[in-house]
Amino acid sequence: MSNPFEFSPNTGNADSQDNTVQPFPFRGGFEQKKISDDGERAPVTDERREKLNGMIRETAKLFDNSNITWAIDGGLSVSLLNGDFIGEHRDLDVALEESQLERVQGLIETKGFGLFVTLNTERRETMVMKRVDSKEFATADTYLFWIITVDQAGLIQKDKPLSFINVHIIRRNEKGQPLNENGEVLPETWFEPQAIRFQNQEIQVAHPAKTTYYKLLSLRNYDIKDLENLAKTKTLTTEDMETI
């Protein structure tokens with residue numbers, strides 16, 4: 001039986017080539033609305049807590065028993081290591097290996113998701129979402145990569161329990177060593193997912209040293225607060241700090 005969610009760059013989406021490129025679905029303003037001037041995240045409401053919990057559970061379900069290496073990344077990984085939400089989160093980030101993207105595409109399309117990239121990122125007004133295959137996903141000239149829920153016509157579905165995953169691609173050199181955006185080699189141990197228990201599920205989260213490294217590079221006001229919260233989890237070793 002054919003998969004109605006399967007995508008090929010030669011044929012477009014399942015029912016319509018026109019749905020390959022779609023409007024950017026986000027209004028923006030998270031940092032203005034949910035982050036204070038001193039970097040504190042807004043408290044999580046009960047409704048939002050339920051939503052975030054569901055997103056985490058659905059992410060684990062998506063990759064469960066898939067033989068794909070994955071880890072929840074970014075600020076949400078700090079909340080998971082903390083054992084409770086440190087505040088509001090804009091999205092859910094997942095780190096995936098570039099070498100496994102073809103396998104990822106095959107998996108997610110059986111579950112009603114597709115690979116997308118955001119193009120024309122110079123201004124929000126010009127941004128669009130483009131459905132792509134794993135090869136274009138890996139090479140697209142953008143910094144925004146997504147796994148997104150779609151319907152059988154390939155249209156983005158914004159109101160599902162897990163509609164959007166922001167993907168961080170792990171790239172490696174010919175020796176298999178992980179690289180940063182400048183092509184510099186980073187420690188292999190930073191890219192080994194850490195297994196934790198969350199609501200009776202095993203969840204993979206990013207190594208805290210990797211999270212610390214990238215937040216130190218960004219140093220937005222809420223990154224500093226996130227690092228303070230990460231330090232309280234006592235998951236960073238002295239060796240981690242020396243390496244960073």
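Everything here concerns the structure above.
Values in this document were obtained by computation on a predicted structure and should not be read as measured data.

J.: Would you mind going over the overall build of the protein chain with me for this structure?
T.: What the protein chain contains, in helices and strands, is eight helices and nine strands. Here the C-alpha atoms of the protein chain give a radius of gyration of 18 Å, agreeing with the 18 Å that 2.2 N^0.38 yields for 244 residues. With the C-alpha coordinates of the protein chain rotated into their principal frame, the extents come out at 55 × 45 × 40 Å. When each of the 244 residues of the protein chain is scored for burial, the buried share is 49%. Split by element, the accessible area of the protein chain, about 13,000 Å² in all, is 46% carbon and sulfur.

J.: Mind showing me how you'd approach the nonpolar core here?
T.: The tendency in soluble globular proteins is for nonpolar side chains to be buried as a group. Ranked by size, the top nonpolar core spans 42 residues in total, and within it Ile56, Phe63, Leu96, Phe137, Ile147 and Ile203 carry the most contacts. Once residues lying within four places of it in the same chain are set aside, the contact partners of Ile147 are Phe63, Leu96, Val104, Ile108, Phe113, Gly114, Leu115, Ser163, Phe164, Ile165 and Val167. Phe24, Leu144, Val150 and Ile156 belong to the second-largest nonpolar core, a separate cluster that totals eleven residues.

J.: Got a minute to help me understand the pairing of strand S3 (residues 93-97) in this structure?
T.: Two faces, one strand: in a regular strand the side chains alternate between the faces of the sheet. Of all five residues in S3, five are buried, a share of seventy percent or more. Residues Asp93, Ala95 and Glu97 line one face of S3 and the alternating positions Val94 and Leu96 line the opposite face, and both faces are buried. Note: strand S2 (residues 70-73) against S3, four bridges, orientation antiparallel. By the bridge assignment, Asp73 is partnered in S3 with Asp93. Bridging between S3 and strand S7 (residues 164-170) involves five bridges; their strand directions are parallel. From the neighbouring strand, Asp93 faces S7, where its bridge partner is Asn166.

J.: Is there a simple way to think about a nonpolar patch on the surface in this case?
T.: Judged by side-chain polarity, Leu216, Leu219 and Ile224 come together as a nonpolar surface patch covering roughly 250 Å² of accessible area. With respect to the helices, strands and loops of the structure, Ile224 is situated in helix H7 (residues 221-232). A relative accessible area of 41% means that Ile224 is categorised as partly exposed.

J.: Help me understand the pattern of salt bridges, please; the structure alone is not making it clear to me.
T.: Oppositely charged side chains can form a pair if their charged atoms are brought close together. Scanning all chains against the criterion turns up 16 salt bridges. For Lys225, the salt bridge identified is with Glu40, shortest N-O distance 3.6 Å. Of this pair, Lys225 sits in helix H7 while Glu40 is found in the loop between helix H1 (30-34) and helix H2 (46-63), placing the two residues 185 residues apart along the sequence. The residue Arg123 makes a salt bridge to Glu125 at a minimum N-O spacing of 3.5 Å.

J.: When you look at the packing of aromatic side chains in this model, what are you seeing that I'm missing?
T.: Aromatic ring pairs: the centre-centre distance and the angle between the two ring planes describe each pair. Within the structure shown, the criterion is met by eight aromatic pairs. Measuring from centroid to centroid gives 5.0 Å for Tyr213 and Tyr214, while their planes differ by 85°, and the two rings are edge-to-face. Given a relative accessible area of 14%, Tyr213 falls into the buried group. Within the aromatic cluster, the residues linked to one another by ring pairs are Phe24, Phe26, Trp146 and Phe164.

J.: Can you help me understand the side chain of Gln22 in this one?
T.: For Gln22, the position within the fold is in strand S1 (residues 21-23). Classification of Gln22 by relative accessible area gives buried; the value is 8%. Separated by 3.0 Å, the side chain of Gln22 and the backbone nitrogen of Ile156 make a polar contact. The contacts of Gln22, once residues within four sequence positions are left out, are Phe116, Val128, Met129, Gly154, Leu155 and Ile156.

J.: How should I be thinking about H2 in this particular structure?
T.: For an α-helix the count is 3.6 residues per turn, leaving residues at separations of three or four pointing the same way. Its 18 residues give H2 an end-to-end C-alpha distance of 26 Å, which sits within 8% of 26 Å, the value for a rise of 1.5 Å per residue. Residues of H2 that are buried include every one of Arg48, Leu52, Asn53, Gly54, Met55, Ile56, Thr59, Ala60, Leu62 and Phe63, and no others. One or two positions beyond H2, positive phi appears at Asn65, with a value near 55°.

Conventions we followed
Counting restarts for each chain: residues are numbered from 1 in the order of the written sequence. Under the rules for a predicted model, residues below a pLDDT of 70 receive no local features and side-chain atom pairs below 80 are neither given nor counted, while totals for whole chains, interfaces and linings still include all residues. No hydrogens and no water enter the side-chain calculation; it runs on all heavy atoms of the structure. Helix and strand assignments follow DSSP, with helices taken as H or I runs no shorter than four residues and strands as E runs no shorter than two, numbered in order from the N terminus. With the radius of gyration taken over C-alpha atoms, the globule rule is written as 2.2 Å times the number of residues to the power 0.38. Three labels apply to residues, based on accessible area from a 1.4 Å probe with only protein chains included: buried if under 20% of the type maximum, exposed if over 50%, partly exposed otherwise in between. Method for areas: the Shrake-Rupley scheme with a 1.4 Å probe, in which residue coverage is limited to the protein chains shown. For our purposes a nonpolar core is just a set of buried Ala, Val, Leu, Ile, Met, Phe, Trp, Tyr and Cys residues, chained together by side-chain atoms within 4.5 Å. Any two residues whose heavy atoms approach within 4.5 Å at even a single point are treated as in contact. A pair of strands counts as paired when DSSP detects no fewer than two bridges linking them. Think of a patch as exposed residues, more than 30% relative accessible area, with no salt bridge, where like charges cluster within 9 Å and nonpolar side chains (Val, Leu, Ile, Met, Phe, Trp, Tyr) cluster within 5 Å. Salt bridges are identified by distance alone: a Lys or Arg side-chain nitrogen within 4 Å of an Asp or Glu carboxyl oxygen. Only Phe, Tyr and Trp rings take part, Trp by its six-membered ring, and two of them pair if their centres are within 6.5 Å. Stacked means planes under 30 degrees apart, edge-to-face means over 60, and tilted covers everything else. In the analysis that follows, any N or O atom pair within 3.5 Å is treated as a polar contact, provided that within protein one partner can donate a hydrogen and the other can accept it, and provided that, for residues neighboring in sequence, both atoms belong to side chains. Here the expected length of a helix is defined as 1.5 Å per residue gap, with one fewer gap than residues.

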